[in-house]
Amino acid sequence: MRKRDHNVLTNAASLLVCGLLAGVVVAAAAFPAVAMSGLAAKAGAETFGALPTELTVARAPQISYLLASDGKTPLATMYDENRRDVKLADISPWMQKAIIAAEDHEFYKHNGVDINGVARAFVNNQSDGGRQGASTLTMQYVRLAIAYSATHPADVVAATEDTSARKLREMRLALQVDKEFSKDEILTRYLNLAAFGNGAYGIYAASQVYFGKPPSKLKIEEAALLAGMVKAPTTNDPTTESGYPAALQRRDYVINNMVEIKAITQQEADAAKAVELKVLDKRTPNGCVAANVNSWGFFCDYFYRWWMQQETFGSTTYDRERRLKSGGYTVVTSIDVQAQRGADKAVRKAKSENSKEAAMVAVVEPGSGRVRALAVNRQFKLDDPKKPRNKISSDPAKSRKGIRGNYPATVNPLLTGGDGITGYQAGSTFKIFTIVAALEKGIPLSFSMNAPQQFRSEYKIRPGPAACPGTNLYCPTNSGLKPGGVQNMWTAFAQSVNTFFVPLQQQVGAENVVSAAKRAGIQFRTEEDLTLEKGAHQWGAFTLGVSQTTPLDLANAYATLAADGKYCEPIPVQEIRDPDGNKLDIANPRCEKRFSTEVARAAVDAARCPVGDNSSTSKCGSSRTAAAVKGVVDAPVAGKSGTTDSEKTAALVAMTRQYAVAGIMADPDWPQTNVTMKHEQKNGINPPVYETLRDAMKGKDRVQFEPPGQKISEGDQRSIPGVSCIPVEQAKSRLKDAGFEPVVSEAKVKSSCPPGSAHGTSPDGRTIKGGVVTIQVSNGGGGATPGNNGGGQPGNTGRPGGRPGG
């Protein structure tokens, strides 16, 4: 088609529109050429009155805000389009007047379509005055609403293409919109939809991006600048060198128009134009890599992964992500600013961000499952592949190939698992699950046995270092190859005696110990662990913490016990509200009772021993693996340390009634590390854990753990028969007949009894039925009065921990 023919047809169509608006239907007959125009192709034979009058308006994408648990500290923002709807009362009157001055002087006078404007545009377009539109603010709103309500890309094109058919449809819908909504409501809707460039959609985002203030605070010159941008946001971008002059010129144009419509005086206009144009280039941060505090990105990422698993937000991950980034939610997360800052400081105090060792700490609230902090000595960001700064991987195989590691920068979920992160061995922290399983079987805390230097178990394994020589039987030892001596659950847990817990696990069934761990919150993520779980009865080393776990799972498992056996799913949110302020139930804790209160309290009572605490019922002894915790935290505490073979990982759990903190130090890039992971040293894992708990507890009440009942603590107590000065074999027989397990002490004591005979027992008086009673042997040297003279329960005073242990 020749250009002239095209102009004739376009102008004819424009005249037809004017005629329709004036009620002159015969215009179609006067311009038969219109039958070949784009208008005919789009609108067919429809008359103006037959065009659609219903405008479907979908809510435009809204930015979602993530806040800390205090409901005010920003964590992150997430969006597809940076937009936040506001009410007209929250928009500066200058802004309202400026947009009218820029786009539609007659806005408050016409009925959605400015007939005079259409006529002017038609006349202008017949001359050489250039192309001129006649869209009112109402018509522009209709165009935006159609585009945002489109369900197919073709609908978006149809809503924005420069055709007479589109104009006709907009006019028809604009007339209807003007009937349904007040002028103020139309103005509000338009200002919330319009694009202002630099990723700012709607007046709220625009005022933040360019001036760092809410729209209610906009001044005349600021409002005029923003109003001038909607026509061409890229051309009039004041943040670019080329756009600055155009933006300034357009601002002054709008200010002059504000005088023309009597929105401001000439004096106000002159003063506004005299103000130097200064704008920010403050794009709103988007996503976890742009979290308010970089180290909080790991918590933010955990929240994001949690959201993506919730079917409440859509049936597919695509739908869920769109809801998060377009739904306009206000999410009060569970992150506790005080606890998080304490954790961030503590992990970096122990290990720098450039260290291959990752000091990882997770904090969970017992009774709700709310995750209060996640910290690791890493930067939450992607390493720039063009200018990489990460160190070469600590894994020798990758190092030889020049592959870089995940430090100091990573976005991997080191603390929570996923995306190939399966966890780390947590060592003897897992012994707590053997205690729980034993308690559930009716075995009390006072149950005692003689823990040897090496225990020959019934668990079958491959021949190797962990097997008894020449056999396929698992034979664990204690740290330093020392015997554990006579121990009960309190003392054995305090000293971390491997050769107490493996036989105890064998007695109650390893499958029951595994079940207790799972019910508490431990997950298995590796194929090896999942395979071993299927044959859990033979998983002999499970009690020593050889399966992989994450700091979050470990903290939550101990939190289950601190909450009297109530398991709560770990959750990163406290409250979620939609754009209309409605609260969503999805943020509520998801808890269920998984252990009896008595079992949980008894397990916690034993767990007070390793970390330097005592209860009215506990019998911890003097040797403890992490005794410093109690003094640093200065509150009732419970927990356990853990170490693995060759100390490739180190772990510690410490908890109060309000917080359970778990820390693991490991090399995520190379689990078979040749670095020794430490505990109590300043660069070990213990200080980050107890310093985090100390800081989290600042200003909090000191709440005691409830002690367990006597039955689950002491069991069925029986009197120990006297054995003084009788032969040892006779003493053993007498104790067996009374229902005890006799053990003969290798060390002899001074006694007036004949040498080699029984001097007495330890303990004396009473002990649990079936418990171990040690026969003390006389050296005949005189001195102590024979009899059952107590003396406590001897055991080694070192730190049994074992392989694994700690």
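Notes on the structure follow. (Residues numbered from 1 in each chain as written. Predicted model: local features only at pLDDT ≥ 70, side-chain atom pairs only at ≥ 80, totals over all residues. Heavy atoms only, no water.)

## Remarks on the overall build of the chain
Tallying secondary structure elements over the chain gives 28 helices and 24 strands in all. In the chain, buried positions account for 55% of the 806 residues. Across the chain, every contact between residues at least 6 apart in sequence was considered, and the portion connecting residues at least 24 apart equals 72%. If you sum the accessible surface of the chain, you get close to 33800 Å²; carbon and sulfur atoms cover 50% of it. (Helix = DSSP H or I, 4+ residues; strand = E, 2+ residues; numbered from the N terminus. Buried < 20%, exposed > 50% of the residue type's maximum accessible area, 1.4 Å probe, protein only. Contact = heavy atoms within 4.5 Å. Areas by Shrake-Rupley, 256 points an atom, 1.4 Å probe, with all protein chains shown as cover.)

## Comments concerning the sheet that holds strand S22 (residues 758-762)
Sheet architecture is open: three strands sit in the order S21-S24-S22, paired in mixed fashion. Edge strands, defined here as strands with exactly one partner in the open sheet, are strand S21 (741-749) and S22. Between one strand and the next, the sheet's axes are offset by a mean angle of 30°, whatever the strand orientation. The pairing of S21 with strand S24 (residues 772-778) spans six bridges and is classified as parallel. If you follow Val 744 over to S24, its bridge partner there is Ile 775. Relative to the sheet, helix H28 (residues 728-737) contacts S21, S22 and S24, its axis offset from that of S24 by approximately 160°. (Pairing = 2+ DSSP bridges. Axes fitted to C-alpha atoms, helices over the stretch in contact; angles between N-to-C directions.)

## A short note on the sheet that holds strand S19 (residues 660-666)
Sheet architecture is open: five strands sit in the order S7-S6-S19-S18-S17, paired in antiparallel fashion. The open sheet has two edge strands, strand S7 (371-376) and strand S17 (638-643), and neither has a second partner. On average, each strand axis in the sheet is inclined to that of its neighbour by 5°, with strand direction left out of account. Pairing geometry for strand S6 (residues 358-364) and S19, over seven bridges, is antiparallel. Residue pairing across strands places Val 364 opposite Ala 660, the latter belonging to S19.

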